[in-house]
Amino acid sequence: MDASYSNWANSFTFTATIVHRPESLDELCAIVARTPSLHVLGTGHSFNGIADGAELLQLDRMPMTVEIDRDARTVTINPAIPYGVLAVELERAGLAVHNMASLPHITVGGAVATATHGSGMRSGNLATAVAAMELVTAAGDIVQIARGDAGFDGMVVHVGALGVVTRLTLDVEPTYQVCQEVFQDLAWDTLYADFDGVMGSAQSVSLFTDYGDTIGELWCKMRVRADHPWERRTEHFGARAATAPLHPVLALSADSCTEQLGVPGPWHERMPHFRMDAIPSAGHELQTEYMLARRHAVPAIQAIRALAPVIQPVLLISEIRTVASDQLWLSSAYGTDTVCLHFTWQFEPEKVVEMLPAIEAALAPFDPRPHWGKLFLATADELTPRYPKMDDFRALANRLDPKGKFRNAFLERHVFGE
Ligand SMILES: Cc1cc2nc3c(=O)[nH]c(=O)nc-3n(C[C@H](O)[C@H](O)[C@H](O)COP(=O)(O)OP(=O)(O)OC[C@H]3O[C@@H](n4cnc5c(N)ncnc54)[C@H](O)[C@@H]3O)c2cc1C
């Protein structure tokens, strides 16, 4: 492995000099048992050191299992499969998952580990689809666990600290059609007056803004019936319909984006914002995101808007989404319906880090939970009161990994406490 191997953003250089790529479960268990310190790497789309380790392990040479159980309405996979690849297999079988993130390029395993989410007032994050998992623990033992088993809710969003997830079983549902409409220049006062109305006006709603005079883009993804043509609207909550496809960053080409203008199509070609065969987002960027209780959405957004003059020089675009409450211990939506305040930054690592104290201070009254895979400052001590089950998670990790084989500097700083 190249010693300068980096994450997707090229903002973090992994410390590891060895990457293991086993081809079988037996080989993987043997590597885990004999290696004193290691960590699993997905596709490296996280912006921080969450996936770093003294040695790395990837599952991309293991059999790319996709086992569909129609009676149970599940699919069992190798977690190294990217969503975009899984989606094509599911669609071919007439099936779908409930939601997707903005990009389909990430592995299912990496997305689940960090509570990656799309948007939807009634839609849980991607980890909530996990029905069962298989984990290889520090000793090289195989643990099977399913929804309803003791400890399951603690193991799904695991931030890479519990072991190597070798199989994931996800809930699936019949395939569905989606159409996507984008509206421009939503008024802030309209959002403030009816936040839940705007965000609940489609299965998945995203707002894109640079915290200027209006909310530049309002993206709506609607489930539609194939036999019932969608009537395109000219306006929505006073925002005018876009007449051409748009990128979330208005100045960028929409060629990398999924189909818009109300044209119906399969779920996996509309639920992500970005196409599998294109570079997602701006491509050269950093990201930060904070989740907090949806009931605080308006004051939290106002607090960020008050920082506009400070953040705008480094901001490419901000996205506002919602996620439904869940019971997964380290999920950013644990126990509360959530609003997500996301920032896509210019690739200015030092300037971005300078922004974070002001943002975290502005959001502090709302107990924000940072995205585990993006840039943030809050330490384990600060985060513990925001995750009611944090101590239980630490006890679980200490039981499954007593010598800290899967720990890294990120986990020590933000989860376990140095
Ligand atoms: C352009 C872009 C857009 C994004 N959009 C969104 C978005 O819309 N919504 C959102 O919520 N996030 C988003 N993210 C963040 C991204 O979803 C997360 O960082 C996600 O974790 C990346 O998945 P990955 O496969 O790259 O995992 P990695 O970054 O490689 O790893 C993440 C964690 O998962 C662990 N892990 C992975 N596989 C396994 C396994 N098999 N066993 C044990 N541990 C494992 C790793 O050890 C690590 O702790 C975006 C990121 C980028 C770069």
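Now for a description of the structure that goes with this document.

### Some words on the site of the ligand
Part 1 of the argument: By nearness alone, 37 residues border the ligand, and Val40, Gly42, His45, Ser46 and Thr107 come closest of all.
Part 2 of the argument: Residue His45 places a main-chain N or O atom 2.6 Å away from an oxygen atom belonging to the ligand.
Part 3 of the argument: A distance of 2.6 Å separates an oxygen atom of the ligand from a polar side-chain atom of Ser46.
Part 4 of the argument: Relative to its unbound accessible surface of 970 Å², the ligand loses 99% to contact with the protein.
Part 5 of the argument: At the level of secondary structure, the elements contributing two or more residues to the shell around the ligand comprise strand S2 (39-40), helix H3 (108-113) and strand S9 (164-171).
Part 6 of the argument: Tallying contributions element by element places H3 first for the shell around the ligand, with four residues.
Part 7 of the argument: Of the residues assigned to the shell around the ligand, the class counts are 15 nonpolar, 20 polar and two charged.

### Some words on the packing of aromatic side chains
Part 1 of the argument: Under the definition given, this model contains 12 aromatic pairs.
Part 2 of the argument: Centroid distance Phe393 to Phe416: 6.5 Å. Interplanar angle 35°. Geometry classified as tilted. Taken together, the positions of Phe393 in helix H11 (residues 390-400) and Phe416 in helix H12 (residues 409-416) put the pair 23 residues apart, joining distant regions of the chain.
Part 3 of the argument: Exposure remark for Phe393: the relative accessible area of 0% places this residue in the buried category.
Part 4 of the argument: Lying across the ring of Tyr387, Arg369 places its NZ or CZ 5.0 Å from the centre.

### Some points on helix H2 (residues 83-92)
Part 1 of the argument: When we look at burial in H2, the residues that qualify are Tyr83, Gly84, Leu86, Ala87 and Leu90. The arc enclosing the buried residues of H2, seen along the axis, measures out at 155°, which places them on a common side.
Part 2 of the argument: Buried positions along H2 lie against strand S4 (66-69), strand S5 (74-77), strand S6 (95-96), H3 and S9.
Part 3 of the argument: Downstream of H2 by a residue or two, Gly94 has a phi angle that is positive, lying close to 75°.

### Digging into the packing of H11 against H12
Helix-helix packing: each pair is described by the crossing angle between the helix axes and the interaxial distance.
Part 1 of the argument: Direction vectors running N to C along H11 and H12 enclose 140°, while the axes themselves pass 11 Å from each other. Looking at the two axes, H11 sits oblique to H12. Note on element contacts: H12 touches H11 through His414, Val415 and Phe416, opposite Met390, Phe393, Arg394 and Ala397.
Part 2 of the argument: Taken together, the residues of the contact of H11 with H12 break down into five nonpolar, one polar and one charged.

### Regarding the environment of Arg369
Part 1 of the argument: If you trace the backbone, Arg369 turns up in strand S20 (residues 369-370).
Part 2 of the argument: In this structure Arg369 comes out as buried when scored by relative accessible area, which is 8%.
Part 3 of the argument: Not counting the four nearest positions on each side in its chain, Arg369 is found in contact with Glu289, Tyr290, Met291, Ser331, Ser332, Ala333, Tyr334, Thr336, Arg386, Tyr387 and Pro388.
Part 4 of the argument: A distance of 2.9 Å separates a polar atom in the side chain of Arg369 from the backbone oxygen of Tyr334.

### Structural notes on the pairing of strand S7 (residues 130-136)
Part 1 of the argument: Of all seven residues making up S7, seven are buried, and the element is well covered by its neighbours.
Part 2 of the argument: Bridge count between S7 and S9: six bridges; the pairing is antiparallel. Note that in S9 the partner of Val136 across the bridge is Val164.
Part 3 of the argument: When S7 meets strand S8 (residues 142-146), the two strands line up antiparallel, connected through five bridges. Bridging from a neighbouring strand, Met133 pairs with Ile145 of S8.
Part 4 of the argument: Hairpin connection, S7 to S8: the antiparallel pair is bridged by five residues, and Gly140 has positive phi, about 90°.

### With respect to the sheet that holds S5
Part 1 of the argument: The antiparallel open sheet is built from five strands, whose spatial order is S4-S5-S9-S7-S8. Edge strands, defined here as strands with exactly one partner in the open sheet, are S4 and S8. On average, each strand axis in the sheet is inclined to that of its neighbour by 15°, with strand direction left out of account.

Procedures and definitions
- Residue positions are counted from 1 within each chain, in the order its sequence is given.
- In keeping with the model being predicted, local features are shown solely for residues with a pLDDT of at least 70 and side-chain atom pairs are shown and tallied solely at 80 or more, while totals for entire chains, interfaces and linings include all residues.
- Values shown for side chains rest on all heavy atoms present in the structure; no hydrogens or waters enter the calculation.
- A molecule or strand has a residue near it when one of that residue's heavy atoms lies within 4 Å.
- Contacts described as polar in this section are N or O atom pairs within 3.5 Å, which, within protein, must combine one atom able to donate a hydrogen with one able to accept it, while residues neighboring in sequence count only if both atoms come from side chains.
- For every accessible area listed, the method is Shrake-Rupley and the probe measures 1.4 Å; residues are considered covered only by the protein chains on display.
- Under the DSSP-based scheme used, a helix requires at least four consecutive residues in state H or I and a strand at least two consecutive residues in state E, with every element numbered from the N terminus.
- Lys, Arg, Asp and Glu make up the charged group, whereas Ala, Val, Leu, Ile, Met, Phe, Trp, Tyr, Cys and Pro make up the nonpolar group; the residues left over, Gly among them, are polar.
- Two aromatic rings, drawn from Phe, Tyr or Trp (for Trp, its six-membered ring), form a pair once their centres lie within 6.5 Å of each other, and the interplanar angle then sorts them: stacked below 30 degrees, edge-to-face above 60, tilted otherwise.
- Burial classes follow relative accessibility: with a 1.4 Å probe on protein chains only, a residue under 20% of its type's maximum area counts as buried, one over 50% as exposed, and anything between as partly exposed.
- For a Lys NZ or an Arg CZ to count as sitting over a ring, it must be within 6 Å of the ring centre and within 35 degrees of the ring normal.
- Taken from the helix axis, the directions to the C-beta atoms give the arc we talk about.
- Between two residues, a contact is recorded if the distance between any of their heavy atoms is within 4.5 Å.
- To get an axis, fit a line to the C-alpha atoms, keeping to the stretch in contact for a helix; angles then go from 0 to 180 degrees between the N-to-C directions.
- Oblique is the label for any angle not covered by the other classes, which are roughly parallel (under 35 degrees), roughly antiparallel (over 145) and roughly perpendicular (65 to 115).
- When DSSP locates at least two bridges between a pair of strands, those strands are taken to pair.

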